[in-house]
Structures are given as structure tokens and as C-alpha cells.
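# Coordinate analysis (summary)
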Amino acid sequence: MSMTVVHLVATLFMVGVIVFVQVVHYPLMERVGGDAFVNYQAGHVVRTGVVVVPPMIAEVGSAVWLFAGMARGSSEWMVALLGLVLLAVIWLSTAFLQAPAHGRLESGFNPSVHRALVRWNWLRTAAWLGRVPVAVMLLN
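Everything numeric here is computed off the predicted structure, so don't read it as measured data. (Residues numbered from 1 in each chain as written. Predicted model: local features only at pLDDT ≥ 70, side-chain atom pairs only at ≥ 80, totals over all residues. Heavy atoms only, no water.)

### Comments concerning the packing of helix 1 (residues 3–28) against helix 2 (residues 34–68)
- Taken N-terminus to C-terminus, the directions of helix 1 and helix 2 make an angle of 150°; their axes are 8 Å apart at the nearest point. Considering the angle they form, helix 1 stands roughly antiparallel to helix 2. At the point where helix 1 passes helix 2, the crossing takes the left-handed sense. Packed against helix 1, whose contacting residues are M3, T4, V6, H7, A10, T11, F13, M14, V17, H25 and Y26, the element helix 2 presents Y40, H44, V51, V52, P55, M56, A58, E59, S62, A63, W65 and L66 at the interface.
- In terms of residue class, the contact of helix 1 with helix 2 is made up of 16 nonpolar, six polar and one charged. (Axes fitted to C-alpha atoms, helices over the stretch in contact; angles between N-to-C directions. Helix = DSSP H or I, 4+ residues; strand = E, 2+ residues; numbered from the N terminus. Parallel < 35°, antiparallel > 145°, perpendicular 65-115°, else oblique. Left-handed = near helix turned anticlockwise from the far one by under 90°. Contact = heavy atoms within 4.5 Å. Nonpolar A, V, L, I, M, F, W, Y, C, P; charged D, E, K, R; others polar.)

### A few points about the nonpolar core
- With 30 residues, the main nonpolar core has W128 and L138 as its most contacted residues.
- Broken down by secondary-structure element, the contributors of at least two residues to this core are helix 1, helix 2, helix 3 (75–105) and helix 4 (111–137).
- A total of nine residues in this core trace back to one element, the largest contributor, which is helix 3.
- Excluding its chain neighbours within four sequence positions, the residues that come into contact with L138 are T4, H7, L66, M70, E76, V79 and A80. (Core = buried A, V, L, I, M, F, W, Y, C linked by side-chain atoms within 4.5 Å. Buried < 20%, exposed > 50% of the residue type's maximum accessible area, 1.4 Å probe, protein only.)

### Some remarks on the environment of P100
- Relative to the elements of secondary structure, P100 occurs in helix 3.
- Excluding residues within four positions of it along the chain, P100 makes contact with T94 and A95.

### Notes on the packing of helix 3 against helix 4
- Interaxial distance between helix 3 and helix 4 falls to 9 Å at its minimum, and their mutual angle equals 160°. Relative to helix 4, helix 3 is oriented roughly antiparallel. Handedness of the helix 3/helix 4 crossing: left-handed.
- The class makeup of the residues in the contact of helix 3 with helix 4 is 17 nonpolar, eight polar and three charged.

### What to know about the side chain of N121
- Assignment of secondary structure puts N121 in helix 4.
- Each residue touching N121, except ones within four places of it in the same chain, is listed here: I18, V21, Q22, Y26 and Q98.

### Remarks on a nonpolar patch on the surface
- A cluster of nonpolar side chains, V19, F20, V23, V24, L28, W122 and L129, forms an exposed patch at the surface whose accessible area comes to about 620 Å².
- Take the nonpolar patch: its biggest share by element is five residues, from helix 1.
- The topology assignment puts V19 in helix 1. (Patch = residues over 30% accessible without salt bridge, like charges linked within 9 Å, V, L, I, M, F, W, Y side chains within 5 Å. Areas by Shrake-Rupley, 256 points an atom, 1.4 Å probe, with all protein chains shown as cover. Salt bridge = Lys/Arg side-chain N within 4 Å of Asp/Glu carboxyl O.)

Below is the structure:
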């Protein structure tokens, strides 16, 4: 399997996950209930990590690999650079917005933290959706 196919598959998988999380999973978190929420949140973090960490690593690794192999300044290089910028937005958002929000929710449901999590996750959702045409354009 070529690196461009690995890249496209990882990107499409993550787009499916992030859209599901944004539209279904995160909004339903507020319905879990106070007593069950701490265990729910702990399970969410572990199980989601198992599902998303491997394709996220495959996506960023393949993006860097593809970018490094392109002629600097070419149109393909510019597309690959855009893809890396979008990945930077995703990873920085995850590290500085979503992960801390999940950390604050570990002690119990907090409506304002939950609202911020849902609101700021639109940034990752938009960035991943923007990566689809990038990954498609990089197919050889």
C-alpha cells in the first residue's frame, strides 16, 4: 500500500470519528447523569484513545513523509504544507483545548466545561474536514 493511500485512509477514518464525536457523542455527554459521569468520562478517555491514537499517528507520520519527499515550492508541496498546517491545528487544539477539558471533566460533569469542549471541538472538526481534499489531491 502506498504512503498516499495510508494517508488518505487515516484521514478519512479520523474525519468519520470526529464528525461522530462532534455531532453525536459530545452532545450526549450531558445526559449521562452525575453519579455515572466520572466512570463514563474515564472510560471515554481510555477507549477513545485506543481508537484514535494509531490512525492519528499514521496520519501525521504519512503527512510528514509525503511532504519531505516533494520538491520544495511545487504545487504538491504547497498542498502537503497546507495539510501539515491543518494537522498542527488539530494536534494543538487536542493538546491545549480538548485534553484539558477532558481533564477537568474527570472530577465530574461541569456544564460550562462541556459547552466549551463542544464549541472548541468544531475547530478540530473543520480542520479534519479540510484535510479530506488535501489527502485526495496528494494521491498519485
